[in-house]
Structures are given as structure tokens and as C-alpha cells.
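Here's the letter readout for the chains.
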Amino acid sequence: MGKKVLVLSGSPRKGGNSDLLCDEFAKGAEEAGNDVAKIRVSEKKIGYCSACYYCVKSGGVCAKNDDMAEILQQMIDSDIIVLSSPVYFYSIDAQLKALIDRTVARWTEVKDKEFYYIITCADEEKESQETTLACFRGYADCVEGAKEMGVIYGTGVYEAGEIKGRPEMRQAYEMGLSVK
Ligand SMILES: Cc1cc2nc3c(=O)[nH]c(=O)nc-3n(C[C@H](O)[C@H](O)[C@H](O)COP(=O)(O)O)c2cc1C
């Protein structure tokens, strides 16, 4: 029996660099016999957390009725979560940040996950991705039983699709293939 893999692709660019790396990872993970779902976060309706704490009184139901309830359930049900974002001013993008903040409604139920991270940026230096990676790791620090399994660093890519033919594509595919 394969594992349940949830790929959260944060880039607003469909076919952008990080999105393509997500596809490669997903392809490998699927070929390895896992049950893979990919979500393009920007195509979902996810409002910002308002910190109203309605979720505390309601037993985990958010006051905002949008796509997040279903995504959060998928996160809770998954064995593996892939977090992917382009570097936006040394951070993650707003789409993925909104999603992460909204997990607060049931955050203690997201537990025992294996995490993979996929990051792309225009700068050539891997160091330019450190603060974005720290955002992912910061979230995982809040997840009981979280285990970091791998990171794909796609550096030096600016235009959508520039990552095609780069070694990171193969790395992402092979990382997916290693999921068992
Ligand atoms: C709002 C915004 C902020 C960005 N900030 C950075 C940055 O701080 N450092 C960097 O190297 N690239 C930066 N970039 C470039 C993207 O990280 C780069 O184009 C990346 O490959 C985009 O990934 P995607 O194709 O998956 O969307 C920025 C792009 C945008 C749109």
C-alpha cells in the first residue's frame, strides 16, 4: 500500500518553475505506487485568517466558508505533505502563507507528517532560499511528529518554465520516486 501524498503548489504561475518541479515530484511518487493529490493553491478560494478564534469555540470549524476546510482535511489525512513556493522577497508567497495560517483551525490534528520542500528563485545563490525554507520549517516545527525528508532548490530561474531541462527536474522526479 502506498502513502497518501499531498502536493501544495503555491506559485500563481501554472507551469511555472516550482509548479513544474511539483509535477515531477508527483509523477515520481505516483510511479512509486503512492496515492498523490496536487493542489494549485492559487486556484482555490482561501481567505486570510482573521484571528477571530471562532474555530476554538466551534471545534475546528472556521468562520470562513471557502475551500480551506477541504484542503485542511486532506492535510490531516495525508502521510506526506509537499510544500512548494517561489521565493517572494525572501519569503514564501502570499497564497501559501494564507493556507498555512488557516490551518490554525485544526492545527493540532495535522500530525506525524513527512515533509518535502520545493523552492525556486531568480538568484543563482542557494542562500537566497534560506528564509523561504525557514518559513516551511517554521510551520513544520508546529506539526507534532513532523519529519523533513528532502528539499529541492531551483535557483537561477526567473521566467516561467526556465527550469525545464535542469537537473532539479530529475532530482524532483527521483525524490518523488523514493517515496515509499
Ligand atoms: C513578487 C515577487 C517577488 C520575488 N522575489 C524574489 C526574491 O526575493 N529573490 C529571488 O531570487 N527571486 C524573486 N522573485 C523571482 C521568483 O522567485 C522566480 O521567478 C521564480 O522562479 C518563480 O517561481 P515560479 O515560476 O514557480 O512562480 C520574485 C518574483 C516575484 C513575482
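Scroll up for the structure.
Calculation rules
- Residues numbered from 1 in each chain as written.
- Predicted model: local features only at pLDDT ≥ 70, side-chain atom pairs only at ≥ 80, totals over all residues.
- Heavy atoms only, no water.
- Pairing = 2+ DSSP bridges.
- Helix = DSSP H or I, 4+ residues; strand = E, 2+ residues; numbered from the N terminus.
- Axes fitted to C-alpha atoms, helices over the stretch in contact; angles between N-to-C directions.
- Contact = heavy atoms within 4.5 Å.
- Near = heavy atom within 4 Å.
- Polar contact = N/O pair within 3.5 Å; in protein donor to acceptor, adjacent residues only side chain to side chain.
- Areas by Shrake-Rupley, 256 points an atom, 1.4 Å probe, with all protein chains shown as cover.
- Expected span 1.5 Å × (residues − 1).
- Buried < 20%, exposed > 50% of the residue type's maximum accessible area, 1.4 Å probe, protein only.
- Phe/Tyr/Trp six-rings, centres within 6.5 Å; stacked < 30°, edge-to-face > 60°.
- Lys NZ or Arg CZ within 6 Å of the ring centre and 35° of its normal.
- Disulfide = S-S within 2.5 Å.

### Section: the sheet that holds strand β1 (residues 4-9)
- Sheet architecture is open: five strands sit in the order β2-β1-β3-β4-β5, paired in parallel fashion. Where the open sheet ends on each side, the last strands, each with one partner, are β2 (35-40) and β5 (147-154). Averaged over all neighbouring strand pairs, the angle between strand axes comes to 15 degrees, with direction disregarded.
- Contacts between helix α1 (residues 17-31) and the sheet are confined to β1, β2, β3 (80-86), β4 (114-120) and β5, with β4 contributing the most and set at about 145 degrees to the helix.

### Focus: the environment of Gly150
- Along the chain, the position of Gly150 falls in strand β5.
- With twelve residues separating them in the primary sequence, Gly150 and Glu162 have C-alpha atoms 22 Å apart.
- For Gly150, the residues in contact, after removing those within four places along its chain, are Phe115, Tyr116, Tyr117 and Met175.

### Overview of the environment of Glu114
- For Glu114, the position within the fold is in strand β4.
- Distance from Glu114 to Ala29, taken between C-alpha atoms, is 13 Å for residues 85 residues apart in sequence.
- Once you skip the residues sitting within four places of it in the chain, Glu114 turns out to touch Lys3, Asp79, Ile80, Ile81, Lys147 and Met149.

### Digging into the site of the ligand
- Surrounding the ligand, one finds 16 residues, the nearest of these being Ser11, Asn17, Ser18, Val87 and Val157.
- One of the backbone N or O atoms of Asn17 is found 2.7 Å from an oxygen atom in the ligand.
- The contact in question runs from an oxygen atom of the ligand to an N or O atom on the backbone of Tyr90, over 3.3 Å.
- About the coverage of the ligand: the protein hides 81% of its 640 Å² of free accessible area.

### Quick notes on α1
- If you check α1, its first and last C-alpha atoms are 21 Å apart, about what 15 residues at 1.5 Å a residue would give, namely 21 Å.
- Burial analysis of α1 places eleven of its 15 residues in the buried class, which makes it a mostly covered element.
- Along α1, the positions that sit buried rather than exposed are Asn17, Ser18, Asp19, Leu20, Leu21, Cys22, Glu24, Phe25, Ala26, Gly28 and Ala29.
- Looking at the packing, one finds that the buried side of α1 touches β1, β2, β3, β4, β5 and α6 (167-177).
- Among the residues trailing α1, Gly33 stands out with phi positive, at a value near 95 degrees.

### So, the packing of aromatic side chains
- All told, the structure shown has four aromatic pairs when counted by the stated rule.
- Judged by centre distance (6.1 Å) and plane angle (25 degrees), the ring pair of Phe115 and Tyr117 falls under stacked. Take Phe115 and Tyr117: they sit in the same class, and that class is buried.
- Look at Tyr117 and Phe136: their rings are 5.2 Å apart centre to centre, the planes differ by 20 degrees, and that puts the pair in the stacked class. Here Phe136 lies in helix α5 (residues 130-141) and Tyr117 lies in strand β4, a separation of 19 residues in the sequence. Take Tyr117 and Phe136: they sit in the same class, and that class is buried.
- Through pairs of rings, three or more aromatic residues link up here, namely Phe115, Tyr117, Phe136 and Tyr139.
- Across the ring face of Tyr173, the terminal group of Lys27 is positioned such that the distance to the ring centre comes to 5.3 Å.
- Sitting above the plane of the Tyr153 ring, Lys126 keeps its charged end 4.3 Å from the centroid.

### Looking at the state of the cysteines
- Under the criterion given, the structure shown has zero disulfides.
- For the unlinked cysteine Cys49, the closest cysteine sulfur is that of Cys55, found at 6.8 Å.
- Of the cysteine sulfurs around Cys55, a residue in no disulfide, the closest is that of Cys52, at 6.4 Å.
- According to the relative accessible area criterion, Cys55 is buried, its value standing at 12%.

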